[in-house]
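Topology and contacts: notes
Listed below, chain by chain, are the residues.
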Amino acid sequence: MRNSPFFLFLFLIVISCNQKSKTKLIESNQKVSIEKLDSIKINHLGRFQVHDLDPISQTIVFEGGAGPNSQDIIMANFNGSIINSFSKLGDVPDGYGGLMSSIRLSDENQILVFGAKDFITYDFDGNLLNQVEAIDFQPLNSRPIRMGIGMEKLGDRYLYVNQDLPENRSYSDSEIYEEMYLLKWWTPTTGQQESFAQFPESSIFRNGKYFYSNSWAPVYSLSGDKIYAAFGLEPVIYVFDTNPPYSLLSSLPLDLPEYRYFEGRDSFTTDFSFFLLGSVTSGRILNIKKVDGYFLIAYFPGYDPADTEMQLSNKSRSENIDFNARMAEKYPVHLSILDSLGNLINDIVPDGLEAHTMLYRNGELWMQETPDKEVEQDYFRLFRVGLKVD
């Protein structure tokens, strides 16, 4: 890979600055952790991706299919029974073209799909009920599709990522970080959008350096009249007002244990190592929820410098498979629990649960069970979890 050693040297310099964490647990007689409260078992063999659930109607919508070119939308109830399934992928008159976000359960026995250019409502039998063009929609370079992320509902609007590039700008322009908007509201009933939220001057993305595409991918949570957002690799919670002009109210820096992240490079490059090192080895925030006054932050901690260097080294196919497997074991996704001021209460790797799948609906927190890596199961499980004070 041409010039890779040079780029690797620069990357190791900036990422090593964040190797050591000063994190200390708050000295308290109480420690907050999570506990399993209830579970749902869905009989399903093969690929699946949970999109949404609703504790009130006790329904779940997930995606399945026999292969990468198939996409079945499947509805189930909390008893584990399949209600119905249908497919709208491909050249069909009422198809959605491609998913732009996780599917949302909307009204009773209805789902809302953000498709390639439209917002489409189907009933559980697959009948098209409504279709509205997404006005001035721009194609995405990354789609937020998995349990716990995607569109978040507030009234008749949905909070969503903003990946629109500023006019006449590209990623090679340093001004892009001053001009881009990071979040937007979509109103599916009208197709209207409203962009807001920019990097404050204190953000790492305003340090004059360059970052790989989508390194600022937002994750967010709505609570009351506030939006709690984290932007990709930056360990900060930004708090925005849900009311116009959606002002930045405050920011909470996060001191996450052993969190190592990319701090940018001095010049722009299209070399693949720039993207590879950042997107694979850099720490990043994967999910954020506010539950009972606590922040729950799911994050990938990032590789240490030695493993970052090994990532770029020449390896055979089998060596690469073995290396990736070892990295997955060495760097699992963590879940940090913080108080309302951003102070660390606890940091764990949830036993048997996928921290990045946190989904908060109607006052209930749900997570997906970690699948068995050795044996293909003919079911999957979702767990309702709660905060436990020891």
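Everything below is about the structure shown above.
Attention here is on the structure that accompanies the text. (Residues numbered from 1 in each chain as written. Predicted model: local features only at pLDDT ≥ 70, side-chain atom pairs only at ≥ 80, totals over all residues. Heavy atoms only, no water.)

Secondary structure summary: the protein chain contains five helices and 24 strands in total. Here the protein chain has a C-alpha radius of gyration of 21 Å; the compact-globule value for 390 residues is 21 Å, and the two agree. Along the three orthogonal principal directions, the C-alpha set of the protein chain runs to about 55 × 55 × 50 Å. Looking at the protein chain as a whole, 52% of its 390 residues are labelled buried. For the protein chain, restricting intrachain contacts to residue pairs at least 6 apart in sequence, the fraction spanning at least 24 positions comes to 57%. The centroid of the 34 positive side-chain charges in the protein chain is displaced by 5 Å from the centroid of its 52 negative side-chain charges. (Helix = DSSP H or I, 4+ residues; strand = E, 2+ residues; numbered from the N terminus. Rg over C-alpha atoms; globule rule 2.2 N^0.38 Å. Buried < 20%, exposed > 50% of the residue type's maximum accessible area, 1.4 Å probe, protein only. Contact = heavy atoms within 4.5 Å. Lys, Arg positive; Asp, Glu negative; His and termini not counted. Charge placed at Lys NZ, Arg CZ, Asp CG, Glu CD.)

Moving on, we get to the pattern of salt bridges. Under the counting rule described, the total for this entry stands at 15 salt bridges. Linking R361 and D52 is a salt bridge whose minimum nitrogen-to-oxygen distance equals 2.9 Å. Taken as a pair, R361 in strand β22 (residues 353-361) and D52 in strand β2 (residues 47-54) lie far apart in primary sequence, 309 residues in all. Between R326 and D322 there is a salt bridge, with its nearest N and O atoms 3.2 Å apart. Taken together, the residues span about one helical turn, with R326 and D322 both in helix α5 (residues 317-330) at a distance of four residues. (Salt bridge = Lys/Arg side-chain N within 4 Å of Asp/Glu carboxyl O.)

Moving on, we get to the layout of surface pockets. To locate leftover empty space, one rolls a probe as large as a water molecule over the atoms. In this structure, the largest pocket encloses a volume near 600 Å³. In terms of lining residues, the largest pocket is bounded by 27 residues, among which R104, L105, S106, K153 and Y158 are the most central. When grouped by side-chain class, the residues that make up the lining of the largest pocket number ten nonpolar, eight polar and nine charged. Of the pockets and cavities examined, the second largest pocket occupies roughly 510 Å³. Along the walls of the second largest pocket sit 28 residues, with S142, I149, N214, A217 and P218 positioned nearest its centre. (1 Å grid on protein atoms, 1.4 Å probe; cavity = no way out; pocket = protein on both sides within 12 Å on 5 of 7 lines; lining within 4 Å. Points joined across faces, edges and corners; volume = space filled by probe spheres on them. Nonpolar A, V, L, I, M, F, W, Y, C, P; charged D, E, K, R; others polar.)

Tallied over the entire structure, the rule returns three cavities of 30 Å³ or more. Put simply, the largest cavity is a space of about 70 Å³. As for the largest cavity, its lining consists of N141, N162, Q163, D164, L165, Y171, M180, Y181, S213, N214 and W216.

As summarised here, the arrangement of the four strands in space is β6-β7-β8-β9, forming an open sheet in which the pairing is antiparallel. At either margin of the open sheet sits one strand with a lone partner, and together these are β6 (104-105) and β9 (128-133). (Pairing = 2+ DSSP bridges.)

A separate point is the sheet that holds strand β12 (residues 183-187). Judged by pairing direction, the sheet is antiparallel, and its four strands sit side by side in the order β10-β11-β12-β13 without closing on themselves. Two strands bound the open sheet, and with one partner strand each, they are β10 (152-154) and β13 (192-196). Along the sheet, successive strands turn relative to each other by an average axial angle of 30°, direction set aside. For β10 and strand β11 (residues 157-161), the ladder comprises three bridges, and the chain directions are antiparallel. Following the sheet pairing, L154 is matched in β11 by R157. (Axes fitted to C-alpha atoms, helices over the stretch in contact; angles between N-to-C directions.)

The next point concerns helix α3 (residues 272-281). Of all ten residues making up α3, seven are buried, and the element is well covered by its neighbours. For α3, the complete set of buried residues consists of S273, F274, L276, L277, G278, S279 and T281.

Right, let's get into the packing of aromatic side chains. Scanning the entire structure with this criterion turns up 30 aromatic pairs. Seen from their ring centres, Y259 and Y299 are 5.8 Å apart, and the 75° between their planes marks the pair as edge-to-face. With Y259 in the loop between β17 (248-253) and α3 and Y299 in strand β19 (residues 294-300), the pair connects residues that are 40 residues apart, well separated along the chain. Through a chain of ring-to-ring contacts, the aromatic side chains of Y171, Y177, F199, F205, F211, Y212, W216, F231, Y238, F240 and F262 assemble into a single cluster. Residue placement shows R157 over the ring face of W185; its charged tip is 4.0 Å from the ring centre. (Phe/Tyr/Trp six-rings, centres within 6.5 Å; stacked < 30°, edge-to-face > 60°. Lys NZ or Arg CZ within 6 Å of the ring centre and 35° of its normal.)

Mapped onto the fold, L277 is located in helix α3. For L277, a relative accessible area of 1% translates into the label buried. Measuring from C-alpha to C-alpha, the distance between L277 and G150 comes to 25 Å, with 127 residues separating the pair along the chain.

What follows is about the pairing of strand β15 (residues 226-231). Most of β15 sits inside the fold, with five of its six residues counted as buried. Here strand β14 (residues 218-223) folds back onto β15, and the loop between the two strands holds two residues, one of which, G224, carries a positive phi near 65°. Of the strand pairs in this sheet, β15 and strand β16 (residues 236-241) are connected by four bridges, and their pairing is antiparallel. Counted as the bridge partner of Y228 is V239 from β16. Between β15 and β16, which pair antiparallel and follow one another directly, the connecting turn spans four residues, one of which, G232, has a positive phi of 60°.

Burial within strand β3 (residues 59-65) is extensive, with seven of its seven residues counted as buried. Residues T59, V61, E63 and G65 point to one face of β3 and I60, F62 and G64 to the other, with burial holding for every one of them. Counted along the chain from β2 to the antiparallel partner β3, the turn is four residues long, and its residue Q58 has a positive phi close to 55°. Pairing analysis gives six bridges linking β3 to strand β4 (residues 72-77), with the strands arranged antiparallel. Of the residues in β4, the one forming a bridge with V61 is M75.

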